[in-house]
Amino acid sequence: MAGLALLAGATAHAADDIAWIWPTSGAPPGPLREAAVLVETVVLQGQGVVRRPRMQALVMAPGVAVTPVVHVQAGAGSGAVFTPAQRHAVLAALQRYAPRASSGTVQLDFEAPPRQREAYLALVADARRLLPRTLKLSVTALASWCRQGDWLDRIEADEVVPMLYRLGPESEDWRRLWLHHPERLHARCRGPAAGFAVQEMPASPVFDRYTRRYWFHERNWSTPLPTPARHAT
């Protein structure tokens, strides 16, 4: 039984459960195999860039594998094409933290808006080219991307992690789609990885479908967890 899945009130079968740890949170209590730690935020602001490295110290238990996460935000006025400074900031951050990837994976968390889709694909391709081949490049994906044509065919990442939480006003429709019609999702969204929130447990068949489950906590991992609602629609 995976420690993080047990913490979320779920049973796992030899799954690799991973805690996403944002700068405002400490590490989850109890056993933990792997943590995806946000190490730097890069904000694309107009033609420039603002870097926000993680400031809060994070103490991990011995033996926990760490996946560094670089979070990118498309700020006000950022264009469809990234400036050289913006591209350099993101790529340099991924390269800077790659030596700390004891899990063998680094992750780019970037909810790129439609206007930046081509620039995003080029950025991922550059990251994959620059990172050591011994490291896997993981990227997060909005659930909506999984139904927006075949552009994900061109994403040169080793892992795509669709995020199945904070789904907005059409959340029940999305959950029914994931539960009953996974064949309608892009193939990159039907791989081994997916992201869930401990406050929004998926239906059991969806939960069991993924063997690399990333868990997001809406507040802080040190906050006692409520009994999570498991969706069954």
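Provided above is the structure to which this section pertains.
Anyway, here's the lowdown on the structure attached to this text. (Residues numbered from 1 in each chain as written. Predicted model: local features only at pLDDT ≥ 70, side-chain atom pairs only at ≥ 80, totals over all residues. Heavy atoms only, no water.)

1. A look at the pattern of salt bridges
And then number 1: Overall, the coordinates contain 13 salt bridges when judged by the stated rule.
And then number 2: The salt bridge partner of R213 is D17, with a shortest N-O separation of 3.3 Å. Separated by 196 residues along the polypeptide, R213 in strand β10 (residues 212-216) and D17 in strand β1 (residues 16-21) bring together distant segments of the chain. Like R213, the residue D17 is buried in the burial classification.
And then number 3: For D126, the salt bridge is made with R129, and the minimal N-O distance between the two is 3.3 Å. Taken as a pair, D126 and R129 lie in helix α3 (residues 117-130) at a separation of three residues, close to a single helical turn. (Salt bridge = Lys/Arg side-chain N within 4 Å of Asp/Glu carboxyl O. Helix = DSSP H or I, 4+ residues; strand = E, 2+ residues; numbered from the N terminus. Buried < 20%, exposed > 50% of the residue type's maximum accessible area, 1.4 Å probe, protein only.)

2. Observations concerning the packing of aromatic side chains
And then number 1: Evaluation of the coordinates by the stated rule reveals 14 aromatic pairs.
And then number 2: Ring centres 6.0 Å apart and planes at 75° place the aromatic pair W22 and F216 in the edge-to-face group. Taken together, the positions of W22 in the loop between β1 and β2 (34-45) and F216 in strand β10 put the pair 194 residues apart, joining distant regions of the chain.
And then number 3: Residue class for F216 comes out buried when judged on its relative accessible area of 9%.
And then number 4: Of the aromatic side chains, those joined through ring pairs into one cluster are W20, W22, Y165, Y214 and F216.
And then number 5: Sitting above the plane of the F207 ring, R213 keeps its charged end 3.7 Å from the centroid. (Phe/Tyr/Trp six-rings, centres within 6.5 Å; stacked < 30°, edge-to-face > 60°. Lys NZ or Arg CZ within 6 Å of the ring centre and 35° of its normal.)

So, to be careful, I would describe these as geometric facts and stop short of saying anything about function.
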